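# Commentary on secondary and tertiary structure
If you want the building blocks of each chain, they are given just below.
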Amino acid sequence: MTDYVLAADTPLHRTGAIRLHGPEGFEGMRRAGRLAADILDALAPHVVPGVTTAELDDFVRTRMLDGASVPATLGYRGYTHSCCISINHVVCHGIPGDRVLKDGDIVNIDVTPLLDGWHGDTSRMYLVGDVSIKARRLVDVTYESLMLGIEQARPGNHLGDVAHAIQTHAEKHRYGVVRDFCGHGVGQLFHDAPEVVHAGRPGTGPELKPGMFFTIEPMINIGRADVKVLDDGWTAVTRDRSLSAQFEHSIGITEDGCEIFTLSPMGRHAPPYV
């Protein structure tokens, strides 16, 4: 049985229990989520052929510091960058560096500013130049899968309902749903309970209750769902080297549904961004 505890009454470390947040938490997550979404909006004109992923990482770090926040990933478990940038067959946790983006790439950029003690965790796909139809379709279906999962995020439902909606839509298009990585509780802790898997059965898993904060972040592959982590200990890639896409939002369960903390203020929800 899952334990639910009030965030204000528990230590600021992982206890395995799911925290239930009040109005202060919702306000903190709105500010952090808005900043995160602003950064992804601002990135759109910069994700172009010829730019390096290190340059994009520098841009993210500057925007976070200018927004009175710090990058939550910087120093996290030894990670030395301000965001994760995952290209083509990289599923997640791609490390910025001297890689130059080229025409036809698809790119996920994952940012988490830590603002006034709250984590705004979100990621978005970007299309670099002229992208193939099959790659565009993967990106579209991945975004649709995320939003169908979010539609199931309401009190009385279970995390299994969220997972099932994502899995059903992705597999209808014969795509693979990654199981090795999942969403997570979020708030004053970067990663907290519960684990939010993206494939599952309706009515299973923890029941959703008002005040729960977590991310939903499906990783969808054109090919098989299998992944492997490279020797750097971070970069996860598809085993069959097929393309992979991901979108992520941080949400909070409300009395009658959910609030998405990381919606794009500019309406840049999914590419192409104009």
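See the structure shown above.
Residues numbered from 1 in each chain as written. Predicted model: local features only at pLDDT ≥ 70, side-chain atom pairs only at ≥ 80, totals over all residues. Heavy atoms only, no water.

## With respect to the overall build of the protein chain
When helices and strands are tallied, the protein chain shows four helices and 19 strands. The C-alpha radius of gyration computed for the protein chain amounts to 17 Å, which stays within 12% of the reference 19 Å derived for 274 residues, consistent with globular compactness. Taking the principal axes of its C-alpha atoms as reference, the protein chain extends roughly 50 × 45 × 35 Å. Across the 274 residues in the protein chain, those meeting the buried criterion constitute 55%. Here the contacts in the protein chain between residues at least 6 apart in sequence split such that 69% fall between residues at least 24 apart. Accessible surface, the protein chain: about 11,700 Å² in total, of which carbon and sulfur atoms supply 52%. A distance of 5 Å separates the average location of the 25 positive side-chain charges in the protein chain from that of its 35 negative side-chain charges. (Helix = DSSP H or I, 4+ residues; strand = E, 2+ residues; numbered from the N terminus. Rg over C-alpha atoms; globule rule 2.2 N^0.38 Å. Buried < 20%, exposed > 50% of the residue type's maximum accessible area, 1.4 Å probe, protein only. Contact = heavy atoms within 4.5 Å. Areas by Shrake-Rupley, 256 points an atom, 1.4 Å probe, with all protein chains shown as cover. Lys, Arg positive; Asp, Glu negative; His and termini not counted. Charge placed at Lys NZ, Arg CZ, Asp CG, Glu CD.)

## Things to note about the pattern of salt bridges
Scanning the entire structure with this criterion turns up 14 salt bridges. In this structure, arginine 19 and aspartate 192 form a salt bridge, with 2.6 Å as the shortest nitrogen-oxygen distance. Here arginine 19 is found in strand E2 (residues 18–20), whereas its partner aspartate 192 is found in strand E12 (residues 192–196), with 173 residues between them in sequence. When its relative accessible area of 6% is taken as the criterion, arginine 19 is described as buried. Take aspartate 192: its relative accessible area is 5%, and that puts it in the buried class. Notably, a salt bridge pairs glutamate 27 with arginine 30, separated by 3.2 Å at the nearest N-O pair. Placement of both glutamate 27 and arginine 30 in helix H1 (residues 23–43) is noted, with a separation of three residues, approximately one turn of the helix. Look at arginine 30 and you get partly exposed, because its relative accessible area is 34%. Taken together, the shared-partner salt bridges in this structure form one network comprising Glu27, Arg30, Arg31, Asp116 and Glu259. (Salt bridge = Lys/Arg side-chain N within 4 Å of Asp/Glu carboxyl O.)

## Some remarks on the nonpolar core
One broad rule of soluble globular proteins: the nonpolar side chains tend to lie buried together. Residues Leu43, Ile106, Ile109, Val111, Phe214 and Ile216 are the most contacted members of the largest nonpolar core, which totals 65 residues. In terms of residues, this core owes the most to one element, H1, which gives nine residues. The residues touching isoleucine 109, leaving out its near neighbours within four places in the chain, are Leu40, Leu43, Val47, Leu56, Cys83, Cys84, Ile85, Thr122, Ser123, Arg124 and Tyr126. Counting seven residues, the second largest nonpolar core, distinct from the first, contains Val91, Cys92, Val178 and Ala236. (Core = buried A, V, L, I, M, F, W, Y, C linked by side-chain atoms within 4.5 Å.)

## Side note on the packing of H1 against helix H2 (residues 53–66)
When two helices pack together, their arrangement is given by the angle between the helix axes and the distance between those axes. Interhelical geometry of H1 versus H2 gives an angle of 140 degrees and a closest axis separation of 10 Å. Our classification of the angle between H1 and H2 gives oblique. H1 and H2 meet at a crossing whose hand is right-handed. Note on element contacts: H2 touches H1 through Leu56, Phe59, Val60, Arg63 and Met64, opposite Leu35, Asp38, Ile39, Ala42 and Leu43. Taken together, the residues of the contact of H1 with H2 sort by class into eight nonpolar, no polar and two charged. (Axes fitted to C-alpha atoms, helices over the stretch in contact; angles between N-to-C directions. Parallel < 35°, antiparallel > 145°, perpendicular 65-115°, else oblique. Left-handed = near helix turned anticlockwise from the far one by under 90°. Nonpolar A, V, L, I, M, F, W, Y, C, P; charged D, E, K, R; others polar.)

## Observations concerning the sheet that holds strand E4 (residues 84–87)
Strands belonging to one sheet form pairs held by backbone hydrogen bonds; the direction of such a pair is parallel or antiparallel. Taken in spatial order, the three strands make up an open sheet running E4-E6-E9, and their pairing is antiparallel. Lying at the two open borders of the sheet, with one neighbouring strand each, are E4 and strand E9 (122–127). Neighbour-to-neighbour, the strand axes of this sheet turn through a mean angle of 20 degrees, independent of strand direction. Both E4 and strand E6 (residues 106–111) contribute to a ladder of four bridges, which runs antiparallel. Opposite serine 86, over in E6, you have asparagine 108 as the bridge partner. H1 contacts E6 and E9 of the sheet and is inclined by roughly 10 degrees relative to E9. (Pairing = 2+ DSSP bridges.)

## Digging into the state of the cysteines
Counting across every chain of the model gives zero disulfides. The cysteine cysteine 84 is free of any disulfide, with cysteine 83 supplying the nearest cysteine sulfur at 6.9 Å. Under the relative-accessibility criterion, cysteine 84 is labelled buried at 9%. There is no disulfide at cysteine 182, and the cysteine sulfur nearest it, in cysteine 92, is 10 Å away. Residue cysteine 182 is classed as partly exposed on the basis of its relative accessible area, which comes to 23%. (Disulfide = S-S within 2.5 Å.)

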